[in-house]
Amino acid sequence: MKNFKVKCIRWMAALTLILLFLSFLTPFFLRLLPPTIPNVEPTFANLSPAWKGAIDLIFILVVSLFNACFFVFFIRMLRGLGRGKIFVPGNARWLYVGAWVPIVTLIYRVVYMCLMSGCSGMAIAVLCTQSWHNLTIFLGITLMAQLYDVATDVSEENQLTI
């Protein structure tokens, strides 16, 4: 099981580095994409303001839920520090769940731009380049959660051998 975690960490680190490299190419993407992407008309142009408000509220609640997972992670870690433990067993799962914040914000941006309000070619180009950043953040947080999980396992093994 530990060997699998190490392989996952290697792949996650490699993917994160690749996406970080691609995020450095953002200015080039912004120069290349706008002339090739047409304007997008909204799919639901006649959507009532009540439905738009409901969609906004749903996304706000989902992002708040995932941010609460980060809050729980840090509170549990700080409480563990009071007991002399940095790596609290079961705490990594809160990071895994919280890592979905950038993906949810990306989905919200796509829904808002493409389905509800429409957008220009430049806005789509910015969305494409922003997606590299959001995916990099997602992979980075997931990588940190995996490292925290492995460190917790190692910490538990060290306590058992002492």
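The preceding data block contains the structure.
So, here's what we can say about the structure.

Calculation criteria
- Residues numbered from 1 in each chain as written.
- Predicted model: local features only at pLDDT ≥ 70, side-chain atom pairs only at ≥ 80, totals over all residues.
- Heavy atoms only, no water.
- Helix = DSSP H or I, 4+ residues; strand = E, 2+ residues; numbered from the N terminus.
- Expected span 1.5 Å × (residues − 1).
- Buried < 20%, exposed > 50% of the residue type's maximum accessible area, 1.4 Å probe, protein only.
- Contact = heavy atoms within 4.5 Å.
- Axes fitted to C-alpha atoms, helices over the stretch in contact; angles between N-to-C directions.
- Parallel < 35°, antiparallel > 145°, perpendicular 65-115°, else oblique.
- Left-handed = near helix turned anticlockwise from the far one by under 90°.
- Nonpolar A, V, L, I, M, F, W, Y, C, P; charged D, E, K, R; others polar.

### Points about helix 3 (residues 49-82)
Next up, step 1: For helix 3, built from 34 residues, the straight-helix expectation of 50 Å at 1.5 Å per residue is met to within 8% by its first-to-last C-alpha distance of 49 Å.
Next up, step 2: Taken residue by residue, helix 3 has I55, F59, V63, F66, C69, F70, F73, M77 and G80 as its buried positions.
Next up, step 3: Where helix 3 is buried, its residues meet helix 4 (92-98), helix 5 (101-117) and helix 6 (121-161).
Next up, step 4: Looking one or two residues beyond helix 3, the residue adopting positive phi is G84, at roughly 85°.

### Considerations on helix 5
Next up, step 1: In this model, helix 5 (17 residues) spans 22 Å end to end at C-alpha, consistent with the 24 Å of a helix rising 1.5 Å per residue.
Next up, step 2: Looking only at helix 5, the buried set comprises V101, P102, I103, V104, L106, V111, M113 and M116.
Next up, step 3: Packed against the buried residues of helix 5 are helix 3, helix 4 and helix 6.
Next up, step 4: After helix 5 finishes, the residue G118 shows a positive phi value of roughly 80°.

### A look at the packing of helix 5 against helix 6
Next up, step 1: Running from N to C, helix 5 and helix 6 point in directions that differ by 165°, and their axes come no closer than 9 Å. With respect to their mutual orientation, helix 5 and helix 6 come out roughly antiparallel. Crossing handedness for the pair helix 5 and helix 6: left-handed. For the pair helix 5 and helix 6, the contacting residues are P102, I103, T105, L106, R109, V110 and M113 in the first and A123, I124, V126, L127, Q130, S131, N134, L135, I137 and F138 in the second.
Next up, step 2: Residues of the contact of helix 5 with helix 6, tallied by class, amount to 12 nonpolar, 4 polar and 1 charged.

### Here we look at the environment of F44
Next up, step 1: Considering the arrangement of structural elements, one finds F44 in the loop between helix 2 (26-32) and helix 3.
Next up, step 2: Setting aside residues no more than four positions away along its own chain, F44 makes contact with L115 and M116.

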